[in-house]
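Results of the structural survey
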Protein chains: 2
Amino acid sequence: MTMFGLKEASVAPLVRQIAGDELSTAEVAEHFARASWSGIAEPGDRVAGVLVGIAGAGAALTALVERWDADRLVAFVADNGGELSSEDARKALARWLPRLTSQTALVALRQAGRLGVRLLTPSHELWPAGLDDLGWHSPLALWVRGGEATLATLDRSIALVGARAATGYGEHVAMEAAAGLVDRGYTIVSGAAYGIDGMAHRSALASGGHTLAFLAGGVDRFYPSGHEALLTRIVESGAVVSELPCGAQPSKWRFLQRNRLIAAASRATVVLEAGWRSGSLNTAGHAAALGRPLGAVPGPVTSAASAGCHRLIREFDAVCVTNAEQMAELAPFDDKHETPDASGPASTDADEHRPEQLRVLDALSTRAPRSPHDVAARSGLSVGDVQSALGILQLDGRVVERERGWIMR
Amino acid sequence: MTMFGLKEASVAPLVRQIAGDELSTAEVAEHFARASWSGIAEPGDRVAGVLVGIAGAGAALTALVERWDADRLVAFVADNGGELSSEDARKALARWLPRLTSQTALVALRQAGRLGVRLLTPSHELWPAGLDDLGWHSPLALWVRGGEATLATLDRSIALVGARAATGYGEHVAMEAAAGLVDRGYTIVSGAAYGIDGMAHRSALASGGHTLAFLAGGVDRFYPSGHEALLTRIVESGAVVSELPCGAQPSKWRFLQRNRLIAAASRATVVLEAGWRSGSLNTAGHAAALGRPLGAVPGPVTSAASAGCHRLIREFDAVCVTNAEQMAELAPFDDKHETPDASGPASTDADEHRPEQLRVLDALSTRAPRSPHDVAARSGLSVGDVQSALGILQLDGRVVERERGWIMR
């Protein structure tokens, strides 16, 4: 295994700090190689995906350091059951070799260590399963700043995206959507951009929900800079994630590739407001290509800021969604998947609330919908307690909200 | 043939006046019977449709006047290859017999004669072909006030419907939609109600287009009364149509049945703005049931007045349409169908305009889109003349409007 000739002793502590104390020497080398590759290959580089996927990151890096030529790479991939044209191999080497230095990875690892950034590779249990659908275009590594446990909630996540140039209407819709989805237990995924993205994150935070931002550059530098305070808050109670190492600058290409991560990591994608050529349509395109449910929120036909959403509904079969309930229907919870979670730490909270939940259930009917106020009066609880109990019971599938109130299942 | 024992000499002049001078005695009787039936059976009465369809209106009326019982009716229908249960026949007789008087038809015919209302039966060349798709629920007769030639334009018509409680947004959308469709040669069909319907008619009139209103009561009394001036204008340059005889009051049932005429007579139906339970969704339902293209205009999700439109897009597969061009795509012109029309009376106008059309064609390019102003400058014609020539050429399929102007095919 190569680590660019660096001594294992100088690299291993750094790698173990950001990727896991329990890593073996071989795993350290593989993580270091993944970290290096995330700086050598641009996001979505298929040839890197093939090579690393087939040879392992360490062996693939060795091939680079040993200056294998294109023919040897092609033969090596073919021997291992893969496919690579010599033209692709030649071009890839021409892309990668200028970036072949131990410094980028070392600097990135040190910066990650300073900021508490974690390095995840596909073998990690928190690696988002949805990313595997990207195949050879899957990211080589993830750099995670904040609570990496947020990644575990991606199995109940919805991406809320939209234009930077949002209108008051769009921001209102984003706020309502994120709050309503958080109330239903969803994690909000977005790109931390100005406009719709930022409002979706903000509203999720305000509702005390999980939120996750995928960045187009390293997670050590927040972009856009005007969202530094917002991203700091996301780090505190959610996670900020990138496939690029610390120190990497965002670029147009990286924004487009970042969008594929948002689409792939989430169960569904909803475009809240987008002009005819908004970048969020790119995220929508990724979601559709991946077979992920795609929703779009309509708006006034007189508003150019909604033209992209209408286009998605008309031309790309996006589902017309008008509220959080309809968005949630795009990616319904799989209760069977939830049971293990519910028996974990979360169930402690549920147990604490049980008396209130029982009283709320007692106050509900299976037929006549009742408002939280009505239930509060019947149960002798405060409206706030009723609402939080209803939220938990709803997650458990015990109660359902109808147009004119709540009923028991 | 029965005419309630009325002397032919007293009825025939009246019938010939409103249904056609050239009618034979037998045809007079049949028209009189249809006129009677349109007052005896409620709109959409399937049993009346079966009986009149199988026996002819005159024979069916004779059966009523001669007080046939249910069994005889059933046997008669069966003998003629139809199907009718004795239960249905019994109930139908119970509905019809209380209304069996010569007076309603006579009064209606006299009133029609006074107001210049025309009586059309399915054998008339102007009978809208689309109504035949209603089968046994097809109207028994149409009472037409205004230019009955407007009926001939229904093969290029779009129904624009929506809620009475329209917002400024909805009215704006209706205005733009009707004007844009008129510009493309479409006839605007609607129900003359307050709100969206009224705006659609008004805008069609303002654009000098064809418009047709289906009423839920007799065409002698305009409903709603606040639209008396509007309906008077529609009579002057379009047509106001009902399947109910003069003197008939609108009712809830009749409004719902009127909606089926709007949907069936038009090539496509577009709901412009509608709340969750708007009556215009009923028209949409008829359109969908008839296999007619159905469009709905989205609006702000924060507007309850658009909730019905979003529902149509989400649940009923309505096409999301945001402008007149997209609405026109729902019911594109069939050029082959048009050719016979164009060789009829309308071609006289076309011939008169031919020099202007030639000059307009000379001023157009097959590639570079040109505005009417540009074409006016190039051809030496007025903008108005250019626009009217473009309209005729568009109907003939010789020119096409693109986003940035007109081109020649």
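Sequence order sets the numbering: in each chain, residues are counted from 1 along the sequence as written. Here every chain gets a letter starting at A, and every ligand a number starting at 1, in the order they are written. With pLDDT at 70 or above as the cut-off, local features in this predicted model cover only qualifying residues; side-chain atom pairs require 80 or more to be listed or tallied, and sums for whole chains, interfaces and linings still use all residues. The basis for every side-chain value is the complete set of non-hydrogen atoms in the structure, without hydrogens or water.

In terms of helices and strands, chain A carries 18 helices and eleven strands. At 23 Å, chain A has a C-alpha radius of gyration in line with the 22 Å of a compact globule built from 409 residues. When the 409 residues of chain A are sorted by exposure, 56% land in the buried category. For chain A, the accessible surface area stands at approximately 17,400 Å², while carbon and sulfur atoms represent 51% of it. Of the charged side chains in chain A, 39 are positive and 46 negative, and the gap between their average positions amounts to 4 Å. Elements are defined by DSSP. Helices are runs of H or I of four residues or more, strands are runs of E of two residues or more, and each kind is numbered from the N terminus. Computation of the radius of gyration draws on C-alpha atoms alone. For the globule rule, the value is 2.2 Å times the number of residues to the power 0.38. Summary of the burial criterion: residues with accessible area below 20% of their type's maximum are buried, those above 50% are exposed, and those between are partly exposed, where the area comes from a 1.4 Å probe applied to protein chains only. Surface accessibility in these figures is a Shrake-Rupley result with a 1.4 Å probe; residues are shielded only by whichever protein chains are displayed. This count recognises Lys and Arg as positive and Asp and Glu as negative, with His and chain-terminal groups excluded. Charged groups are reduced to one reference atom each: NZ for lysine, CZ for arginine, CG for aspartic acid, CD for glutamic acid.

What follows concerns the domain arrangement of chain A. All names here are of chain A. For chain A, the assigned domains read domain 1 (8-114), domain 2 (147-330) and domain 3 (335-408). Boundary definitions for the domains trace back to an automatic or database domain assignment. The C-alpha centroid of domain 2 is placed 30 Å from the C-alpha centroid of domain 1. Any two residues whose heavy atoms approach within 4.5 Å are treated as being in contact. At the interface, nine residues of domain 1 touch nine residues of domain 2. Around 780 Å² of area is buried between domain 1 and domain 2 when both sides are counted, 58% of it from carbon and sulfur atoms. The term salt bridge refers to a side-chain nitrogen of Lys or Arg lying within 4 Å of a carboxyl oxygen of Asp or Glu. The tally of links from domain 1 across to domain 2 stands at one salt bridge. As a working definition, buried area equals the accessible area (1.4 Å probe) given up by two parts on being put together, with both sides summed.

Bringing the relation of the copies chain A and chain B into the picture now. Here the copies are matched by least squares. The fit uses the C-alpha atoms of residues with pLDDT of at least 70 in both. Superposing chain A onto chain B takes a rotation of 177 degrees plus a shift of 0.2 Å along the axis, which leaves an RMSD of 1.1 Å. Both chain copies can therefore be described as sitting about a two-fold axis. Residue Pro300 of chain A of chain A places its C-alpha closer to the rotation axis than any other residue of that unit, at 2.1 Å. A share of 95% of interface residues in chain A that are also interface residues in chain B marks the association as one of identical surfaces.

Now for the sheet that holds strand E7 (residues 268-271) of chain B. Residues and elements named next belong to chain B. We treat two strands as partners when DSSP finds at least two bridges between them. Taken in spatial order, the nine strands line up as E1-E2-E6-E5-E4-E3-E7-E8-E9 in an open sheet, and their pairing is mixed. At either end of the open sheet lies a strand with only one pairing partner, and these are strand E1 (118-120) and strand E9 (319-320). Where E7 lies against strand E8 (residues 294-296), three bridges are found, and the strand directions are parallel. Following the sheet pairing, Val271 is matched in E8 by Ala296.

With that settled, consider the sheet that holds strand E8 (residues 294-296) of chain A. Residues and elements named next belong to chain A. The strand order across the open sheet built from nine strands is E1-E2-E6-E5-E4-E3-E7-E8-E9, with neighbouring strands paired in mixed fashion. Two strands close off the open sheet at either side, each with one partner strand: strand E1 (118-120) and strand E9 (319-320). Sitting on the sheet, helix H11 (residues 252-265) touches strand E3 (157-161), strand E4 (187-190), strand E5 (211-214) and strand E7 (268-271), and the angle it makes with E5 is about 150 degrees. Fitted lines through C-alpha atoms serve as axes, helices being fitted only where they are in contact, and the angles separating the N-to-C directions of these axes extend from 0 to 180 degrees.

A few words now on the interface of chain A and chain B. Opposite the 19 residues of chain A that make contact, chain B presents 20 residues. Counting each side, the surface lost to burial between chain A and chain B is near 1,500 Å², with a carbon and sulfur contribution of 66%. Its largest share of buried area at the contact with chain B, chain A owes to Val301, Arg314 and Cys320 of chain A, together 39% of the area lost on that side. A salt bridge links Arg314 of chain B to Glu329 of chain A; its shortest N-O distance comes to 3.2 Å.

Attention now goes to a negative patch on the surface. All names here are of chain B. A cluster of acidic side chains, namely Asp183, Glu325, Glu401 and Glu403, defines a negative patch on the protein surface. With respect to the secondary-structure elements, Glu325 resides in helix H14 (residues 324-330). We classify Glu325 as partly exposed; its relative accessible area is 42%. Without a salt bridge and with relative accessible area above 30%, a residue can belong to a patch; like charges are then joined within 9 Å and nonpolar side chains (Val, Leu, Ile, Met, Phe, Trp, Tyr) within 5 Å.

Here Asp132 of chain B shows up in the loop between E1 and strand E2 (142-146). For the pair formed by Asp132 of chain B and Gln394 of chain B, sequence separation is 262 residues and the distance between their alpha carbons is 29 Å.

Helical geometry note: an α-helix holds 3.6 residues per turn, so side chains three or four residues apart project in the same direction. All names here are of chain B. Residues of helix H5 (residues 70-79) that are buried: Ala70, Leu73, Val74 and Val77. Down the axis of H5, the buried set is contained in an arc of 100 degrees. They therefore lie on one face. Opposite its buried face, H5 presents the exposed residues Asp71 and Asp79, each directed more than 90 degrees away. Among the structural elements, helix H3 (46-55), helix H4 (57-65) and helix H6 (86-96) are those in contact with the buried residues of H5. Positive phi shows up at Gly81, right after H5, with a value of about 85 degrees. Our arc is simply the arc of the directions from the helix axis toward the C-beta atoms.

On to the UniProt feature "domain: Smf/DprA SLOG" (unreviewed entry) in chain A. UniProt positions are given in the numbering used here, feature names are shortened, and annotations may be inferred rather than shown by experiment. The feature "domain: Smf/DprA SLOG" (unreviewed entry), as annotated in UniProt, sits at residues 119-329 of chain A in this numbering. Secondary structure content for residues 119-329 of chain A is 36% helix and 16% strand, while the C-alpha to C-alpha distance between its ends is 33 Å.

A word on the pairing of strand E6 (residues 239-242) of chain B. All names here are of chain B. Burial along E6 is two-sided: the face carrying Ala239 and Val241 and the face carrying Val240 and Ser242 are both buried. In this sheet, E6 lies alongside strand E5 (residues 211-214) in parallel orientation, the contact comprising three bridges. Looking at E6, one finds that Leu212 is bridged to Ala239. When the strands point away from the viewer and the connection leading from the first strand across the helix to the second strand turns clockwise, the crossover is called right-handed. A crossover connection joins E5 to the parallel E6 through helix H10 (residues 228-237); in handedness this β-α-β unit is right-handed.

Residue and element names in this part refer to chain B. For the pair H5 and H6, the least separation of the axes is 8 Å and the interaxial angle reads 120 degrees. As summarised for this structure, H5 and H6 are arranged oblique, according to the angle between their axes. In the packing of H5 onto H6, the handedness of the crossing is right-handed. Mapping the contact onto sequence places Ala70, Asp71, Leu73 and Val74 in H5 and Ser86, Ala89, Arg90, Leu93 and Trp96 in H6. Here the contact of H5 with H6 is composed, by residue class, of six nonpolar, one polar and two charged. Throughout this description, any angle smaller than 35 degrees is read as roughly parallel, any larger than 145 degrees as roughly antiparallel, any in the 65 to 115 degree range as roughly perpendicular, and the remainder as oblique. The sense of a crossing depends on the near helix, which, turned anticlockwise from the far helix by less than a right angle, makes the crossing left-handed and, turned clockwise, makes it right-handed. Amino acids are sorted into nonpolar (Ala, Val, Leu, Ile, Met, Phe, Trp, Tyr, Cys and Pro), charged (Asp, Glu, Lys and Arg) and polar (every other residue, Gly among them).

Residue and element names in this part refer to chain A. Taken as a whole and judged by the stated rule, the model has 22 salt bridges over all chains. Here Asp88 ties to Arg46 by a salt bridge, and the two come within 2.9 Å at their closest N and O atoms. Residue Asp88 is found in helix H6 (residues 86-96), and its partner Arg46 is found in helix H3 (residues 46-55); the two are separated by 42 residues along the sequence. The class of Arg46 is partly exposed, set by a relative accessible area of 30%. Through salt bridges that share partners, Glu42, Arg99 and Arg254 make up one connected network.

Residue and element names in this part refer to chain A. Only Phe, Tyr and Trp rings are paired, with Trp represented by its six-membered ring, and only when their centres lie within 6.5 Å; those with planes under 30 degrees apart are stacked, over 60 edge-to-face, the remainder tilted. Enumeration according to the criterion identifies eight aromatic pairs over all chains in this entry. Geometrically, the ring pair formed by Trp68 and Phe76 is edge-to-face, given 5.4 Å between the ring centres and 75 degrees between the ring planes. Here Phe76 falls in the partly exposed class, since its relative accessible area comes to 24%. Ring geometry for Tyr223 versus Phe255: centroids 5.6 Å apart, planes at 55 degrees, classification tilted. Here Tyr223 is found in the loop between E5 and helix H10 (228-237), whereas its partner Phe255 is found in helix H11, with 32 residues between them in sequence. Tyr223 sits in the partly exposed class, given a relative accessible area of 44%.

We now examine the environment of Ala328 of chain B. Residues and elements named next belong to chain B. Within the secondary structure, Ala328 is located in helix H14. Along the backbone, Ala328 and Gln394 are 66 residues apart, and their C-alpha atoms lie at a distance of 13 Å. Each residue touching Ala328, except ones within four places of it in the same chain, is listed here: Ile158, Leu181, Arg184 and Tyr186.

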